[in-house]
Amino acid sequence: MSQSVSIAVVGSGYVGLVAAACFAEIGHRVVCVDNDEAKVRMLREGGIPIHEEYLPELLNRHRENRVEFTSDLRKATQGAQAIFIAVGTPQSETGSADLSYVDAVASEIARSIDGYKVIVEKSTVPVYTNEWICRVIERNGVSREMFDVASNPEFLREGTAVTDFLHADRIVLGAETPRAAEVLGAIYEPLSSGEYYRSANAVPGPRTSDDPPPVLLTSTKAAEIIKHASNALLATKISFINVVANICESAGADVQEVAKGIGMDTRIGPKFLRAGIGYGGSCFPKDVAAFRHVAEQMGVEFGLLGEVEKINSEQRRRFFRKVRSALWTFRGKKIAVLGLAFKGGTDDIRESPAVDIVQWMLKEGATVTAYDPAAAARASEVLPAGPQMKYADDAYAAAQDADALLILNDWQEFAELDLKRLHYTLRYPIVVDGRNLYDPAKMAEMGFTYLSVGRPGISHTRDAAVGPRLV
Ligand code: UGA
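Treat the numbers as computed from the prediction; the structure is a model and nothing was measured.

Peer 1: For this particular structure, what's the right way to read the overall build of the chain?
Peer 2: Counting its regular elements, the chain contains 17 helices and 15 strands. The buried share of the chain, reckoned over its 471 residues, is 56%. Within the chain, counting contacts between residues at least 6 apart in sequence, those at least 24 apart form 71% of the total. Accessible surface, the chain as shown: approximately 20400 Å² in total, 52% of it carbon and sulfur.

Right under this line is the structure:
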């Protein structure tokens, strides 16, 4: 039977909140701290600030029992054996990670240390951060025997974060001392031993008691680099396939066939080879820039990552030009937009390609009616509703009398539209799909002019406005 560990999680954003709920789910006592009093109140009263599958169930299951919320960092950390730092590391003006929140939390932790603690970096941080945290704590008069700093990077995707946590590909534990490794090992024991998956209430997912997630024990620095390098490599895969898509588009080949052929090589793998309008979100853009900056500080030239970023920002512009050439001009056009979040399954609009594309269309005189199952409220903060910008309650309301429909993220429901209904709802049956959710031949058969990314454009009338050399 695994032992229960007392854990404090500092920060109740995507990472902190999911980690707190999942630690409670696997049997630990968790106190989640945030200095935003309103958020703490909301969480205590049963509110959930983010859209995340299984999170409401887990928090309801463990609130007031194994997980509690507070704004009192001192109280939370004093009773804890392990303190996870999960505060934001936003991008600074230079591209490097801004570690001021980490710095402030480390100083505060130092002032309340009353016994041995493992301080664990959960936020994505540059490689030297563990040493820095050590120095901050020591500077506050805490002796080296009273604490260790470890790194336990997260590999959670927004939307599926709970499943990614409980059914991880791997658990990376970066620690310098046996006692830090022991505390971390005990925390993840219910997962690594397979015990959790035997519980009748376990969140379903790919892991089982016979196939639990492997634990990789590394140095703290290696763990920090693993996180940055993983995100940078995933972003590189996406930019790579997007350039291949652009070649396919000019050559008249289908990038999905090409991606399938590449991905069947087990050394490459089929995942993260979906061409589209590029990556967004709170992680890839920030982490690619931060990793490049770290490399620079280490005296290493990582120009490849600069190219990855360049390709990514060009990809959404290219899509925008594609829409414009299909419509001739945006002025006076009514455009339906499906998807505002940076991907399906989330309400997060940070660095969303969809938001950029809508802004550019509005600037060129289009009227936009958008629908996103979860992100409309957040989007309306940067794209306020008005005469030019409207929000609809479903895909068909957005499409009503529109000159074209754009698909900008990959919610499952966007891939399951009633195409007949869509056809008679639109003013012109033009669909420009930035996520390749439909089969071009089927769309042509249904009477649509259908453009996507890295696949030959198809029109049922074969008019001159669409074709492989559109852009
Ligand atoms: C990403 C990583 O996948 C997680 O492992 C990591 O923990 C997380 O960042 C983080 O550092 O916190 P996330 O940003 O939630 O997770 O989203 P992804 O599902 O990875 O998608 C990122 C972007 O890439 C989205 O805009 C998505 O639409 C795009 N994407 C993804 C593609 O364009 N093509 C693909 O094949 C895959």
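Read on, since the account is not over.
Peer 1: Is there a simple way to explain the side chain of Gln 315 in this structure?
Peer 2: Position of Gln 315 relative to the elements: it lies in helix α12 (residues 303–327). Assessed through its relative accessible area of 4%, Gln 315 is described here as buried. Polar contacts involving the side chain of Gln 315 include one to the side chain of Asn 246, which spans 3.1 Å. Excluding its chain neighbours within four sequence positions, the residues that come into contact with Gln 315 are Asn 242, Asn 246, Gly 276, Ile 277, Gly 278 and Val 453.

Peer 1: Help me understand the site of the ligand, please; the structure alone is not making it clear to me.
Peer 2: Close to the ligand lie 19 residues; Glu 158, Lys 227, Asn 231, Cys 283 and Arg 435 are nearest. At 2.6 Å, a backbone N or O of Glu 158 approaches an oxygen atom of the ligand. Taking Phe 342, its main chain carries an N or O atom lying 3.0 Å from an oxygen atom of the ligand. Of all the elements in the fold, those that place two or more residues in the shell around the ligand are α9 (220–251) and α11 (284–297). Residue contributions to the shell around the ligand peak at three residues, all from α9.

Peer 1: What is the right way to look at the packing of α12 against helix α13 (residues 353–363) in this model?
Peer 2: Helix-helix packing: each pair is described by the crossing angle between the helix axes and the interaxial distance. For the pair α12 and α13, interaxial distance at closest approach is 10 Å and the crossing angle is 45°. Classified by the interaxial angle, the pair formed by α12 and α13 is oblique. Considering how the two elements wind past one another, α12 and α13 form a crossing that is right-handed. Packed against α12, whose contacting residues are Arg 316, Arg 317, Phe 319 and Phe 320, the element α13 presents Pro 353, Asp 356, Ile 357, Trp 360 and Met 361 at the interface.

Peer 1: Whenever I open this one, the pattern of salt bridges confuses me. Can you help?
Peer 2: If charged atoms from side chains of opposite charge come close, those side chains can pair. A full pass over the atoms with the stated rule returns 21 salt bridges. Two residues, Glu 314 and Arg 321, come together in a salt bridge whose shortest N-O distance is 2.7 Å. A relative accessible area of 35% places Glu 314 in the partly exposed class. Among the residues examined, Arg 321 registers a relative accessible area of 31% and is labelled partly exposed. Among the ionic contacts, a cluster of salt bridges with common partners joins Glu 158, Asp 348 and Arg 350.

Peer 1: I'm lost on the nonpolar core in this one. Help?
Peer 2: Core analysis: the largest hydrophobic core is formed by 50 residues, its most contacted members being Val 9, Phe 23, Phe 84, Phe 165, Leu 166, Ile 187 and Leu 191. Per-element accounting of this core gives the leading share, nine residues, to helix α1 (residues 14–25). Ignoring anything within four residues of it in the chain, the contact list for Phe 23 reads Ile 7, Val 9, His 28, Val 30, Phe 84, Phe 165, Ile 187 and Tyr 188. Counting 41 residues, the second-largest nonpolar core is a separate cluster that includes Val 244, Ala 275, Val 337 and Leu 451.

Peer 1: Mind showing me how you'd approach the packing of aromatic side chains here?
Peer 2: To describe a pair of aromatic rings, you give the distance between the ring centres and the angle between the ring planes. A full pass over the atoms with the stated rule returns eleven aromatic pairs. Three or more aromatic residues joined by ring pairs form one cluster here, namely Phe 23, Phe 84, Phe 165 and Tyr 188. The ring of Phe 147 is capped by Arg 144, whose NZ or CZ atom sits 4.6 Å from the centre of that ring. Between the NZ or CZ atom of Arg 317 and the centre of the ring of Trp 360, over which it lies, the distance is 4.0 Å.

Conventions and cut-offs
Residues numbered from 1 in each chain as written. Predicted model: local features only at pLDDT ≥ 70, side-chain atom pairs only at ≥ 80, totals over all residues. Heavy atoms only, no water. Helix = DSSP H or I, 4+ residues; strand = E, 2+ residues; numbered from the N terminus. Buried < 20%, exposed > 50% of the residue type's maximum accessible area, 1.4 Å probe, protein only. Contact = heavy atoms within 4.5 Å. Areas by Shrake-Rupley, 256 points an atom, 1.4 Å probe, with all protein chains shown as cover. Polar contact = N/O pair within 3.5 Å; in protein donor to acceptor, adjacent residues only side chain to side chain. Near = heavy atom within 4 Å. Axes fitted to C-alpha atoms, helices over the stretch in contact; angles between N-to-C directions. Parallel < 35°, antiparallel > 145°, perpendicular 65-115°, else oblique. Left-handed = near helix turned anticlockwise from the far one by under 90°. Salt bridge = Lys/Arg side-chain N within 4 Å of Asp/Glu carboxyl O. Core = buried A, V, L, I, M, F, W, Y, C linked by side-chain atoms within 4.5 Å. Phe/Tyr/Trp six-rings, centres within 6.5 Å; stacked < 30°, edge-to-face > 60°. Lys NZ or Arg CZ within 6 Å of the ring centre and 35° of its normal.

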